Each structure stands twice: as structure tokens, then as C-alpha cells.
Amino acid sequence: MVVEVRDDYPDETAVLQAVTDKPGIGSRETLRNWVKQHEIDAGTRPGTTTEESAQLKALKKGIAELKRANEILKAAASFFAAGLDRPHTRS
């Protein structure tokens, strides 16, 4: 859509404003992000592709889950270690 009107306007800001004035498009910032991601995916702008971005997001999620599991294991180890330090009595 931006390509269709680009020749009629002096700069990218004017193009984005013209397109965002159409109903249902959204904000200028949203459109700018779509255009930027399209250029990245097409290889015309340096950056991370959508697929690489999804992989990074999955890795970050996995790391966060591992950190949480590690904290749980540390808490469990501390709990059991504290139980071993106490004298046990039988009734």
C-alpha cells in the first residue's frame, strides 16, 4: 500500500500520514513498524528477520523457564538442608 502512493509524496512521513488517514489502518507508528519489518524480511534493511526474531523469543522464554526452575531447586535444597541440620526426635 505504501509503494502505491510513495511517488505522490515528498517524503516517507507524508506517505505514512496519507496512508494512516485511511480508516482501519492504525497509527503512523504501527504502519512504520510494518514497513520496517517488511524491509528487514525482504533483505533491503539490515536487522533480524521475523523467523530469527521468533527463535530469539523462544530462546529467551526457555532461558526464563530454566532460571525459574533453578530458583525452585535452590529453594528446595535449602529447605531440605535446613531439615538435616535440626536434631530429629522420636516420639
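Not measured: the values here are computed from a predicted model.

Parameters and conventions
- Residues numbered from 1 in each chain as written.
- Predicted model: local features only at pLDDT ≥ 70, side-chain atom pairs only at ≥ 80, totals over all residues.
- Heavy atoms only, no water.
- Phe/Tyr/Trp six-rings, centres within 6.5 Å; stacked < 30°, edge-to-face > 60°.
- Buried < 20%, exposed > 50% of the residue type's maximum accessible area, 1.4 Å probe, protein only.
- Salt bridge = Lys/Arg side-chain N within 4 Å of Asp/Glu carboxyl O.
- Helix = DSSP H or I, 4+ residues; strand = E, 2+ residues; numbered from the N terminus.

Engineer: How should the packing of aromatic side chains be read in this particular structure?
Structural biologist: For any two aromatic rings, the description comes down to two numbers: the centre-to-centre distance and the angle of the planes. The full count for this structure, using the stated rule, is 1 aromatic pair. Centre to centre, the rings of Phe79 and Phe80 are 5.4 Å apart; their planes meet at 70°, and the pair counts as edge-to-face. Across the pair, exposure class does not vary: Phe79 and Phe80 are exposed alike.

Engineer: I would appreciate a short explanation of the pattern of salt bridges in the present structure.
Structural biologist: Opposite charge on two side chains allows them to pair when their charged atoms are near. Inspection of the entire model under this criterion finds 1 salt bridge. Note that Lys74 is salt-bridged to Glu71, the shortest N-O span being 4.0 Å. Within this pair, Lys74 and its partner Glu71 are both found in helix α4 (residues 50-85), separated by 3 residues, close to a single helical turn. Glu71 gets classed as partly exposed once you look at its relative accessible area, which sits at 46%.

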